[in-house]
Amino acid sequence: MTGKPVSDSRTVQTRLVLPPDTNHLNTIFGGKVLAYIDEMAALSAMKHAGGVVVTASIDSVHFRSSAKVGDLLTLESFVTYTGKTSMEVYVKVEVEHVATGDRTLTTESFLTMVAVDSDGDPKDVVPVLPESKEEIELYESARVRRLNRKR
């Protein structure tokens, strides 16, 4: 089968949580994290599609813990599954407390991105080829998530 390995779409970024990014409790705004997640999903989908993409949906977001001013957020994303023109993208966010080096999963999310041509019309994407155990598990479980989205 021709396609692209998941590793081709893998994207990692680290960001510092600054005071303007936080609420009155000095924890990061959920909306700020969502913006980072959407950007990461777009970057991974663009790498896979080889061009422009748009966000079709934010399918799930699970906030598990928070991040405070001075913490580091590491975001990792990759394409887990492809349809004809759409791509499911997994985004994971971890917080690192600089003083201790402790890392904690803070947020997990799945988004659907669609590849588009220069006129903004959907365009076909090649299949994604999972390789690692995690990639294969996410690929195989994507069918269930896709059915749930269609309901």
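Everything that follows concerns the structure shown earlier in this document.
Enquirer: Residues and numbers for the packing of aromatic side chains, please.
Expert: Applying the stated rule across the entire model yields 3 aromatic pairs. Geometrically, the ring pair formed by Tyr 81 and Tyr 139 is tilted, given 5.3 Å between the ring centres and 45 degrees between the ring planes. Linking Tyr 81 in strand β4 (residues 72–82) with Tyr 139 in helix α2 (residues 133–150), this pair joins segments that are 58 residues apart in sequence. When its relative accessible area of 21% is taken as the criterion, Tyr 139 is described as partly exposed. Linked through ring pairs, Phe 78, Tyr 90 and Phe 110 together constitute an aromatic cluster. Seen from the ring of Phe 110, Arg 145 lies directly overhead, with NZ or CZ sitting 4.0 Å from the centre.

Enquirer: Give a detailed account of the side chain of Thr 74, specifying residues and quantitative values.
Expert: Here Thr 74 is to be found in strand β4. Classification of Thr 74 by relative accessible area gives buried; the value is 13%. Here Thr 14 takes part through its side chain, which lies 3.4 Å from a polar atom of the side chain of Thr 74. Setting aside residues up to four positions removed in sequence, Thr 74 forms contacts with Val 12, Gln 13, Thr 14, Lys 92, Val 93, Glu 94 and Arg 103.

Enquirer: Before we move on, could you go through the pattern of salt bridges and cite the residues and values that matter?
Expert: Applying the stated criterion to the full structure yields 12 salt bridges. Between Arg 10 and Glu 135 there is a salt bridge, and its shortest N-O distance comes to 2.7 Å. Taken together, the positions of Arg 10 in the loop between β1 (4–5) and β2 (11–16) and Glu 135 in helix α2 put the pair 125 residues apart, joining distant regions of the chain. Linked through salt bridges whose partners overlap, the residues forming this network are Arg 10, Glu 76, Lys 92 and Glu 135.

Enquirer: Kindly report on the pairing of β4, identifying the contributing residues and their values.
Expert: Two faces belong to every sheet, and in a regular strand the side chains alternate between them. Most of β4 sits inside the fold, with 10 of its 11 residues counted as buried. Inspection of the sheet shows β2 paired to β4 by 6 bridges, in the antiparallel sense. Residue pairing for β4: Thr 14 is matched across the bridge by Thr 74. Relative to strand β5 (residues 86–96), β4 runs antiparallel, the two sharing 10 bridges. In the sheet register, Leu 75 faces β5, and the bridge partner there is Val 93. In sequence, β4 turns back onto β5 through a hairpin of 3 residues.

What counts and what doesn't
Residues numbered from 1 in each chain as written. Predicted model: local features only at pLDDT ≥ 70, side-chain atom pairs only at ≥ 80, totals over all residues. Heavy atoms only, no water. Phe/Tyr/Trp six-rings, centres within 6.5 Å; stacked < 30°, edge-to-face > 60°. Helix = DSSP H or I, 4+ residues; strand = E, 2+ residues; numbered from the N terminus. Buried < 20%, exposed > 50% of the residue type's maximum accessible area, 1.4 Å probe, protein only. Lys NZ or Arg CZ within 6 Å of the ring centre and 35° of its normal. Polar contact = N/O pair within 3.5 Å; in protein donor to acceptor, adjacent residues only side chain to side chain. Contact = heavy atoms within 4.5 Å. Salt bridge = Lys/Arg side-chain N within 4 Å of Asp/Glu carboxyl O. Pairing = 2+ DSSP bridges.

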